[in-house]
Structures are given as structure tokens and as C-alpha cells.
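Fold and contact review
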Amino acid sequence: MTCPHCVAAGEFFGERQAARDLKRFRRRGANASTRKLLEALSTENVEGLRVLDIGAGVGAVHLALLEDGALHATHVDASEAYQAVAALEAERRGFGQRIDYLVGDYLDVAPQVPAADIVCLDRVVCCYPDAESLVSTSATAAQRLYGVVFPLDRRWVGWLIRLANLWMALTRSAFRAYAHSESRIRSAVEKAGLREVHASRSGIWRILVFRRDPT
Ligand SMILES: C[S@@+](CC[C@H](N)C(=O)[O-])C[C@H]1O[C@@H](n2cnc3c(N)ncnc32)[C@H](O)[C@@H]1O
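Below or above, wherever it landed, is the structure these notes cover. (Residues numbered from 1 in each chain as written. Predicted model: local features only at pLDDT ≥ 70, side-chain atom pairs only at ≥ 80, totals over all residues.)

**Remarks on the overall build of the chain**
The helix and strand inventory of the chain stands at 9 helices and 7 strands. Here the C-alpha atoms of the chain give a radius of gyration of 16 Å, agreeing with the 17 Å that 2.2 N^0.38 yields for 215 residues. Expressed along its principal axes, the backbone C-alpha trace of the chain runs to roughly 50 × 40 × 35 Å. Per-residue burial over the chain gives 41% buried out of 215 residues. Considering only intrachain contacts with a sequence separation of at least 6, the fraction spanning at least 24 residues in the chain is 70%. (Helix = DSSP H or I, 4+ residues; strand = E, 2+ residues; numbered from the N terminus. Rg over C-alpha atoms; globule rule 2.2 N^0.38 Å. Buried ≥ 20, exposed ≤ 12 C-beta atoms within 10 Å, placed from the backbone. Contact = placed C-beta atoms within 7 Å.)

Structure representation (C-alpha cells):
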């Protein structure tokens, strides 16, 4: 992996964090913003659809979609530790054979990743400085639905992110979080030919879902 941000993300989302997240996920299920994203996606029939979950973490999004009848999922994450715990959880739930895994920066591995009916980036663009490239490349791969969750584009959220980054610097972590413009994210998805069908909020998170109309 060449991207320094992804190397730092891989270290930050390392074994301890991944094990903690898996424990929390098993105990409490998906967090509130992920549940809202899933609710918005569930207005569509996902039966038989293929999912691409980028920055998938423990796999909350694609595991729920597979439970709802999706056919197959691809898990892409810069963190090897998250890939390992996600694979463990998928096996436990009986979905092991229906998921492919790729570790790396999505922008590096994108040419190897097949297009999917549903593409999601749940709380991922805030780990990456070039949100527009990440969003436009991933949106192009979405044949039907595209879901993206990112921090609200508000001044006070920007300050929270700066504070979090100060903490990372003080604790000698190379990982940084990034605030991004909501209108730029929206227009990157729209330029890829999708139309917004859902917008909501959960705590500090903005949830947007887009649809590609049949041609
Ligand atoms: C905050 S976690 C979110 C995990 C999960 N989607 C969730 O909401 O619980 C962000 C994840 O995105 C991954 N990530 C960040 N930038 C990435 C990139 N460019 N390509 C692939 N994965 C990335 C990180 O390794 C990390 O696992």
C-alpha cells in the first residue's frame, strides 16, 4: 500500500481496535448511522444483488444486506486487522463463501474490483484526504444504489475533527481525520450519473443514498 493515509489508517484501525469493534458489534449490532443507511437502502429489494463495501470494517453493512437476501459482497479495507475480524464474523454467520476480501487503498485496487449493484462507504471518506476521487471512482462502480456516510459539513464538526487530530498528533499517531464539503461529495456522485434519493442525519453523521436510474 503506497498511500500514507491508508498506511496510517491500517495502523490506527489495527488489531486492538478491530477486536474492540467486533466485540461491540456482536453485543450491540450496527451503530445508529449504519442502521439509518441500511434503513434507507432497504426501501429497495436487495434480493440477488451484489454489494461492494469500501472501508467495510467489521462488515456491518454487507452482512446486513446478505441477511436481507443480497447474493454476494466484496469487502475492501485498508486495514488487514478489520479484514480478519470481518472474515471471522462472516464465517460465524454462514456467509463465508459469499464474500471476497481485498486489503488496500480502494483507489489502488479499484481496477481489480468488479462493479456492484450496491456500493457503500460508511464513515470512510473522513479517513481520506481526496474524498472527491474516492467518491467519484466508487460511484462509477455503483450500478444501482450508492450509500455514503460522512461527518456533517458544519463548522463545529470541523473543530471536533481538528481536536481529534490534535489528540492523534499528541499520541504520536500518524492517522488524521478529514472534514469534506457535502456539496462536493454530492456533485461527485451526481457526475457519476446517480440521483439523490435519501438524505438524513444521525449525530455528527450525514447519510446520503443515490440511485442510478435504468437507461
Ligand atoms: C471509521 S472506519 C469505518 C468502518 C465501517 N465502515 C463502519 O462504519 O463501522 C473507516 C475504515 O475505512 C478504511 N479506509 C479508509 N480509507 C480507505 C481507502 N482509501 N480504501 C480502503 N479502505 C479505507 C479504514 O481502514 C477503516 O477500516
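**Examining the site of the ligand**
Close to the ligand lie 23 residues; Gly-55, Gly-57, Ser-79, Tyr-106 and Cys-127 are nearest. At the level of secondary structure, the elements contributing two or more residues to the shell around the ligand comprise helix 1 (4–12) and strand 2 (72–77). The greatest single-element share of the shell around the ligand, amounting to 3 residues, is contributed by helix 1. Here the residues of the shell around the ligand sort into 14 nonpolar, 5 polar and 4 charged. (Near = placed C-beta within 6 Å. Nonpolar A, V, L, I, M, F, W, Y, C, P; charged D, E, K, R; others polar.)

**Looking at the environment of Leu-71**
As for its placement among the helices and strands, Leu-71 is situated in the loop between helix 4 (60–67) and strand 2. Residue Leu-71 is classed as partly exposed on the basis of its C-beta count, with 14 C-beta atoms lying within 10 Å. Residues Leu-71 and Glu-89 lie 18 residues apart in sequence; the distance between their C-alpha atoms is 17 Å. Excluding its chain neighbours within four sequence positions, the residues that come into contact with Leu-71 are Gly-48, Leu-49 and Arg-50.

**Describing the packing of helix 7 (residues 131–140) against helix 9 (residues 182–191)**
The contact between helix 7 and helix 9 brings their axes to 8 Å, and the two run at 30°. In this view, helix 7 runs roughly parallel relative to helix 9, as classed from their interaxial angle. Helix-helix and strand crossings are classified by hand; for helix 7 and helix 9 the assignment is right-handed. Contact residues: helix 7 offers Ala-131, Glu-132, Val-135, Ser-136 and Ala-139, while helix 9 offers Arg-184, Ile-185, Ala-188, Val-189 and Lys-191. Broken down by class, the residue content of the contact of helix 7 with helix 9 amounts to 6 nonpolar, 1 polar and 3 charged. (Axes fitted to C-alpha atoms, helices over the stretch in contact; angles between N-to-C directions. Parallel < 35°, antiparallel > 145°, perpendicular 65-115°, else oblique. Left-handed = near helix turned anticlockwise from the far one by under 90°.)

**Observations concerning the nonpolar core**
The nonpolar side chains of soluble globular proteins are, as a tendency, buried together. If you look at the biggest cluster of nonpolar residues, it comprises 62 residues, and the most contacted ones within it are Ile-54, Leu-65, Ile-118, Val-125, Val-135, Tyr-146 and Val-148. In this structure, Tyr-146 is in contact with Val-119, Ala-139, Val-189, Leu-194 and Phe-210, ignoring residues within four places of it in sequence. (Core = buried A, V, L, I, M, F, W, Y, C linked by C-beta atoms within 7 Å.)

**Some remarks on the environment of Arg-172**
Tracing the backbone shows Arg-172 in the loop between helix 8 (155–170) and helix 9. By the C-beta count within 10 Å, which is 6 here, Arg-172 ends up exposed. Residues Arg-172 and Ala-9 lie 163 residues apart in sequence; the distance between their C-alpha atoms is 13 Å.

**Let's talk about the sheet that holds strand 1 (residues 50–54)**
Sheet architecture is open: 7 strands sit in the order 3-2-1-4-5-7-6, paired in mixed fashion. Looking along the sheet, the strands with just one partner apiece sit at the ends: strand 3 (99–103) and strand 6 (195–202). Each neighbouring strand pair of the sheet contributes to a mean axis angle of 15°, computed without reference to strand direction. Pairing analysis gives 4 bridges linking strand 1 to strand 4 (residues 116–122), with the strands arranged parallel. Paired with Ile-54 across the two strands is Leu-121, which belongs to strand 4. In the packing of helix 7 onto the sheet, contacts are made with strand 1, strand 4 and strand 5 (142–151), and the angle to strand 5 comes to roughly 155°. (Pairing = 2+ DSSP bridges.)

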